[in-house]
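# Descriptive analysis of the structure
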Amino acid sequence: MILVLENSFIREQKRDLCLRLQKKGFFTRLVEQYGQTILSVDGPNQDLLLKDLSKWSGIKKIIPGQHAYYLASRECQKKNSIIKVNSSNGDVTFGGKKIPIISGPCALETEETAIELAKACKSTGTDIFRAMLFKPRSSPYSFQGLKKLGVPILRAIKELTGLAILTEVRDPLETEAVYDYVDMVQVGTRNMSNFQLLKHLGQIEKPVLLKRGMGASLEELLSAAEYLIVHGNSDVILCERGIRTFDQFTRFTLDIGAIPSLKEITHLPVIIDPSHASGKSSLVPSLSWAGIAAGVDGLMIEVHQNPKEAYSDGAQAISIKTLGEVIQRGKSIASIFGRELG
Ligand code: PEP
Ligand code: MN
């Protein structure tokens with residue numbers, strides 16, 4: 001169960017409450033977030049405790065039952081969380097009226113092509129450049145990214161374009177290597193349930209883009225977000241990137257229904273990645289527009305100068321020209337819903 005404590009409750013009182021519950025054999029976790037103090041209580045025989053608790057002081061609200069997530073839910077916070085990503089071109093915000101665009105290649109390849117692409121992405125109205133160095137590839141024989149060798153390229157892109165930079169990390173050493181040059185970090189689909197990684201990223205001071213596991217339910221996605229929040233990082237943006245279904249035509253299946261569903265149950269921003277979802281460049285525009293109509297708070301799209309020669313995911317990369325068209329038509333769709341794209 002979850003207990004929401006009175007704001008007037010002081011530290012010693014909170015500690016005493018935890019000790020009292022622990023003495024009864026319960027596992028407790030005290031978390032302060034969103035201007036609230038919550039105490040989760042786990043263990044057997046909660047029904048008996050429930051009767052008792054109504055007589056205890058300092059408890060504002062009791063939410064009985066098992067809760068995989070609470071802080072990430074609309075029950076905890078009704079209004080949308082607005083997540084700010086720092087950028088020298090003007091901060092980028094997710095969760096408000098604007099729908100930011102994240103674009104870039106699947107992976108950085110060379111300094112020259114990366115800088116050229118970053119400048120081209122900027123010219124389309126891109127807000128954040130995806131600059132991946134550490135690639136979680138299904139096959140160990142596939143290109144694994146430039147890794148640490150690419151770190152100077154991140155700095156160069158930042159200096160030359162001022163774009164905010166997103167990169168994926170898979171462990172604390174990778175975070176350390178890129179930390180000074182990135183504005184947002186990504187947890188990839190394969191790591192959504194890597195709880196040690198989530199605990200680590202809960203302790204950093206940069207927003208986290210959390211991608212839905214390809215076989216994960218929305219509850220599992222929100223529980224992963226809860227890990228980040230419980231460990232101290234409430235700057236979490238969720239990303240629907242396609243789930244595995246029986247269909248083989250597309251690489252994954254973009255779960256459009258997940259967008260309004262998540263918007264109902266969580267206050268966190270929700271973006272989509274139509275590139276990995278479809279695996280096909282021809283489908284990226286339609287899925288992007290469908291996502292805008294379904295209420296996304298951002299788009300992440302893979303682009304490449306020469307998709308046929310891309311080191312990875314060329315089949316799903318669109319050209320800069322197509323990205324421009326996606327954004328232009330997307331603006332009209334967004335305006336129908338009172339939103340602004342890019
Ligand atoms: C990516 O965005 O670079 C990526 C690898 O995506 P996913 O984790 O969704 O496969
Ligand atoms: Mn990719």
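Just so you know, these numbers come straight off a predicted model, no measurement behind them.

With that settled, the discussion passes to helix H7 (residues 218-230). Compared with the 18 Å implied by 1.5 Å per residue over 13 residues, the 18 Å span of H7 between its first and last C-alpha is a close match. Taken residue by residue, H7 has Leu 218, Leu 221, Leu 222, Ser 223, Ala 224, Ala 225, Glu 226, Leu 228 and Ile 229 as its buried positions. Structurally, H7 contributes buried residues whose contacts are with strand S2 (27-33), helix H6 (195-201), strand S12 (208-211), strand S13 (236-240) and helix H8 (258-265). At the exit of H7 stands Gly 232, carrying a positive phi of roughly 120 degrees.

Structurally, Leu 287 can be placed in helix H10 (residues 284-294). Classification of Leu 287 by relative accessible area gives partly exposed; the value is 22%. The spacing of Leu 287 and Ser 275 is 12 residues in sequence and 8.8 Å in space, taken between C-alpha atoms. Once you skip the residues sitting within four places of it in the chain, Leu 287 turns out to touch Leu 254, Ile 272, Pro 274 and Ser 278.

A few words now on unusual backbone geometry. The backbone phi angle of Tyr 34 is positive, close to 50 degrees, even though this residue is not glycine. A positive phi is found at Asp 313, a non-glycine position, where the angle reads about 55 degrees. Its place among the elements puts Asp 313 in the loop between strand S15 (299-302) and helix H11 (320-336).

Let's shift gears to the coordination of the manganese ion (ligand 2). Of the protein atoms, only Cys 106 (SG), His 276 (NE2), Glu 302 (OE) and Asp 313 (OD) coordinate the manganese ion (ligand 2), at distances of 2.0 to 2.3 Å. Among the residues examined, Cys 106 registers a relative accessible area of 5% and is labelled buried.

Quick notes on the rules
Residues numbered from 1 in each chain as written. Chains lettered and ligands numbered in written order. Predicted model: local features only at pLDDT ≥ 70, side-chain atom pairs only at ≥ 80, totals over all residues. Heavy atoms only, no water. Helix = DSSP H or I, 4+ residues; strand = E, 2+ residues; numbered from the N terminus. Expected span 1.5 Å × (residues − 1). Buried < 20%, exposed > 50% of the residue type's maximum accessible area, 1.4 Å probe, protein only. Contact = heavy atoms within 4.5 Å. Donors = N, O, S within 2.8 Å, 3.2 Å for Na, K, Ca; no water.

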